[in-house]
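# What the coordinates show
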Amino acid sequence: QVQLVESGGGVVQAGGSLRLSCSISESSLSGIIFGVKTRAWYRQVPGKQRDLVADITDGGSTNYADFVKGRFTISRDNVKDTVYLQMNSLKPEDTAVYSCNIVRSDGEHYWGKGTLVTVSS
């Protein structure tokens, strides 16, 4: 019923930039009843835990992991129902699968399948 589709991943050299997009769609009435409370980006390297990268509340407040502060920016387009992650000054250690997450006002979590970002040195 709720689908999150990420795009924008790829291979970039260290110091470069990428912008990830997450398109959110919901094919049921529950999307009208329950709004989205938080939109977020997470990342995971194989064999390691998934880490929060950044999130943005319905009110527009943002939160960033220390390891991306000053380099990444999360934003949203309510008309397009899309959340973005602008990533600048990328480092090899930013290489990971980046996944989009939403938390609905009823507490339900939804995840996208992820998009791979590879930063070469």
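This text gives an overview of the structure that appears in the document. (Residues numbered from 1 in each chain as written. Predicted model: local features only at pLDDT ≥ 70, side-chain atom pairs only at ≥ 80, totals over all residues. Heavy atoms only, no water.)

Another point: the overall build of the protein chain. Summing up its helical and strand segments, the protein chain has 1 helix and 11 strands in all. Relative to the globule expectation of 14 Å for 121 residues, the C-alpha radius of gyration of the protein chain, 14 Å, shows essentially globular dimensions. Projecting the C-alpha coordinates of the protein chain onto the three principal axes gives extents of approximately 45 × 25 × 25 Å. Residue burial in the protein chain is summarised as follows: out of 121 residues, 40% are buried. (Helix = DSSP H or I, 4+ residues; strand = E, 2+ residues; numbered from the N terminus. Rg over C-alpha atoms; globule rule 2.2 N^0.38 Å. Buried < 20%, exposed > 50% of the residue type's maximum accessible area, 1.4 Å probe, protein only.)

So, about the state of the cysteines. As used here, a disulfide is simply a covalent bond connecting the sulfur atoms of two cysteines. Scanning all chains against the criterion turns up 1 disulfide. The disulfide partner of Cys-22 is Cys-100, and the S-S distance across this bridge is 2.2 Å. Disulfide Cys-22-Cys-100: torsion about the S-S bond near -85 degrees, hence left-handed. With Cys-22 in strand 3 (residues 18-26) and Cys-100 in strand 9 (residues 96-104), the pair connects residues that are 78 residues apart, well separated along the chain. Residue Cys-100 is classed as buried on the basis of its relative accessible area of 0%. (Disulfide = S-S within 2.5 Å.)

On to the nonpolar core. In terms of nonpolar packing, the biggest core is built from 28 residues, with Trp-41, Leu-85, Met-87 and Tyr-98 touching the most fellow members. When residues of this core are traced back to their parent elements, those giving at least two are strand 1 (2-7), strand 3, strand 4 (36-44), strand 5 (51-57), strand 7 (72-77), strand 8 (82-87), strand 9 and strand 11 (115-120). (Core = buried A, V, L, I, M, F, W, Y, C linked by side-chain atoms within 4.5 Å.)

Along the chain, Val-83 falls in strand 8. Taking the C-alpha atoms as reference points, Val-83 and Ile-24, 59 residues apart in sequence, are found 8.1 Å from one another. With sequence-adjacent residues up to four places away left out, Val-83 is seen in contact with Leu-20, Ser-21, Cys-22, Arg-39, Trp-41, Ile-56, Ile-74, Ser-75, Arg-76 and Cys-100. (Contact = heavy atoms within 4.5 Å.)

Along the chain, Ser-99 falls in strand 9. Sequence-distant contacts of Ser-99, that is, excluding residues within four places in its chain, are made with Glu-6, Ala-40, Trp-41, Tyr-42, Trp-111, Gly-112, Lys-113 and Gly-114.

This part covers unusual backbone geometry. Residue Asp-81 is not a glycine yet carries a positive backbone phi of 55 degrees. Positionally, Asp-81 belongs in the loop between strand 7 and strand 8. Although it is not a glycine, Ser-89 adopts a positive phi angle of roughly 50 degrees. Of the residues examined, Ser-89 reaches a relative accessible area of 41% and is grouped as partly exposed.

Tracing the backbone through its elements, the reader meets Ser-17 in the loop between strand 2 (10-13) and strand 3. Accessibility expressed as a relative area gives 39% for Ser-17, which makes it partly exposed. Expressed as a C-alpha distance, the spacing of Ser-17 and Gly-35, which sit 18 residues apart in the sequence, is 31 Å. In this structure Ser-17 touches Val-12, Gln-86, Met-87, Asn-88, Ser-89 and Leu-90, once residues within four positions along its chain are discounted. Side-chain polar atoms of Ser-17 contact the side chain of Asn-88, separated by 2.9 Å. (Polar contact = N/O pair within 3.5 Å; in protein donor to acceptor, adjacent residues only side chain to side chain.)

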